[in-house]
Amino acid sequence: MRPEKHNCEERGCSLIEVLIAILILTVGLLTLAQVMVIATNANALSGRMTASAALAKEQLELLKAAPFYTNPASITTGSINPMLQVGGNLDADVTVGPQDFFQYYDTDGQPLTPNGPSGAVYVTRWQVQQVIAPGGNGTLPLAMLRITVRCQGMADMYRVVGDATLITFRTANIG
């Protein structure tokens, strides 16, 4: 028996069909490339945010570990540890006497010495505010610490997202 013949003959793809297939493939690959760029940028931002938070926590731990008074026998405003003296600014580098209220770090999170913005990726700034007693009757052995870490090289739209800010209170251990 002979196989039956069909009325339509076999033919290949036309040039237009090939061009349409290439166009669809190109659009898909370009979309995939854009997704890869977005994912890479998001990953870099996430890494910087993690590093900022770690540097802020490190500074917080340093300030919490410092003794509140240099001489616990004399608990006056003048005997407050220089690390916890009132001062600092979260938006500018401030130095009061020998105490800097800022620190610059390189890409690996290592402190830069001398402490300056040249080559810095992160800047940690902190502020210490003395807490006033209710009714304004002097200060308490209590300080509010605010710490901010900013990533220097971030685009403006990511600057706030890449910041880490911690706020806590620090008290003296008296008695």
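Read on for a plain summary of the structure. (Residues numbered from 1 in each chain as written. Predicted model: local features only at pLDDT ≥ 70, side-chain atom pairs only at ≥ 80, totals over all residues. Heavy atoms only, no water.)

## Looking at the overall build of the protein
Right, so step 1: Of regular secondary structure, the protein possesses 2 helices and 7 strands.
Right, so step 2: Ordered by position in the sequence, the α and β elements of the protein form the string α-β-β-β-β-β-β-α-β.
Right, so step 3: Per-residue burial over the protein gives 28% buried out of 175 residues.
Right, so step 4: In the form shown here, the protein has an accessible surface area of approximately 11900 Å², with 61% of it arising from carbon and sulfur atoms. (Helix = DSSP H or I, 4+ residues; strand = E, 2+ residues; numbered from the N terminus. Buried < 20%, exposed > 50% of the residue type's maximum accessible area, 1.4 Å probe, protein only. Areas by Shrake-Rupley, 256 points an atom, 1.4 Å probe, with all protein chains shown as cover.)

## Details of the pairing of strand β4 (residues 102-105)
Right, so step 1: Alternating residues of β4 divide into Phe 102 and Tyr 104 and Gln 103 and Tyr 105, and every residue in both groups is buried.
Right, so step 2: Judged from the 4 bridges that link them, β4 and strand β5 (residues 122-132) form a sheet pairing that is antiparallel. Its bridge partner lying in β5, Phe 102 is registered against Arg 125. (Pairing = 2+ DSSP bridges.)

## Let's talk about the nonpolar core
Right, so step 1: Counting residues in each nonpolar core, the largest one holds 21 residues, and the members touching the most others are Leu 63, Phe 68, Leu 84, Tyr 122, Trp 126, Val 128 and Ile 147.
Right, so step 2: Going through the elements one at a time, α1 (15-65), β5 and β6 (139-151) are the ones with two or more residues in this core.
Right, so step 3: Among the elements that take part in this core, β6 stands out by supplying 5 residues, more than any other.
Right, so step 4: Not counting residues up to four positions away in its chain, the partners in contact with Ile 147 are Ala 56, Gln 59, Leu 60, Leu 63, Leu 90, Thr 124, Arg 125, Trp 126, Ala 164, Thr 165 and Leu 166.
Right, so step 5: Ranked by size, the runner-up nonpolar core spans 5 residues in total, among them Tyr 104, Leu 112, Ala 120 and Val 123. (Core = buried A, V, L, I, M, F, W, Y, C linked by side-chain atoms within 4.5 Å. Contact = heavy atoms within 4.5 Å.)

## A short note on the packing of aromatic side chains
Right, so step 1: Applying the stated criterion across every chain yields a total of 3 aromatic pairs.
Right, so step 2: Between the aromatic rings of Phe 68 and Tyr 69, the centroid separation amounts to 5.0 Å while the plane-to-plane angle is 75°, which identifies the pairing as edge-to-face. For the pair Phe 68 and Tyr 69, one class covers both residues: buried.
Right, so step 3: With a centroid separation of 6.3 Å and 55° between ring planes, the pair formed by Phe 101 and Trp 126 is classed as tilted. Of this pair, Phe 101 sits in the loop between β3 (99-100) and β4 while Trp 126 sits in strand β5, and the two are 25 residues apart along the sequence. Accessibility assignment for this pair places Phe 101 and Trp 126 in one class, buried. (Phe/Tyr/Trp six-rings, centres within 6.5 Å; stacked < 30°, edge-to-face > 60°.)

## Structural notes on the pattern of salt bridges
Right, so step 1: Taken as a whole and assessed by the stated rule, the structure comprises 4 salt bridges.
Right, so step 2: Between Arg 150 and Asp 163 there is a salt bridge, and its shortest N-O distance comes to 3.1 Å. Of this pair, Arg 150 sits in strand β6 while Asp 163 sits in the loop between α2 (156-159) and β7 (164-171), and the two are 13 residues apart along the sequence.
Right, so step 3: The structure contains a network of salt bridges with shared partners spanning Asp 91, Arg 150 and Asp 163. (Salt bridge = Lys/Arg side-chain N within 4 Å of Asp/Glu carboxyl O.)

## Comments concerning the side chain of Thr 124
Right, so step 1: Looking at the element boundaries, Thr 124 is found in strand β5.
Right, so step 2: Excluding its chain neighbours within four sequence positions, the residues that come into contact with Thr 124 are Leu 55, Gln 59, Phe 101, Phe 102, Gln 103, Tyr 105, Ile 147, Thr 148 and Val 149.

## Regarding the side chain of Arg 170
Right, so step 1: Relative to the helices and strands, Arg 170 is located in strand β7.
Right, so step 2: Buried and without a salt bridge, Arg 170 has Glu 61 as its closest oppositely charged side chain, separated by 9.8 Å.
Right, so step 3: Polar contacts involving the side chain of Arg 170 include one to the main-chain carbonyl oxygen of Leu 63, which spans 2.8 Å.
Right, so step 4: For Arg 170, the contacting residues outside a window of four places in its chain are Leu 63, Lys 64, Ala 66, Pro 67, Phe 68, Leu 84, Pro 141, Leu 142, Ala 143 and Leu 145. (Lys, Arg positive; Asp, Glu negative; His and termini not counted. Polar contact = N/O pair within 3.5 Å; in protein donor to acceptor, adjacent residues only side chain to side chain.)

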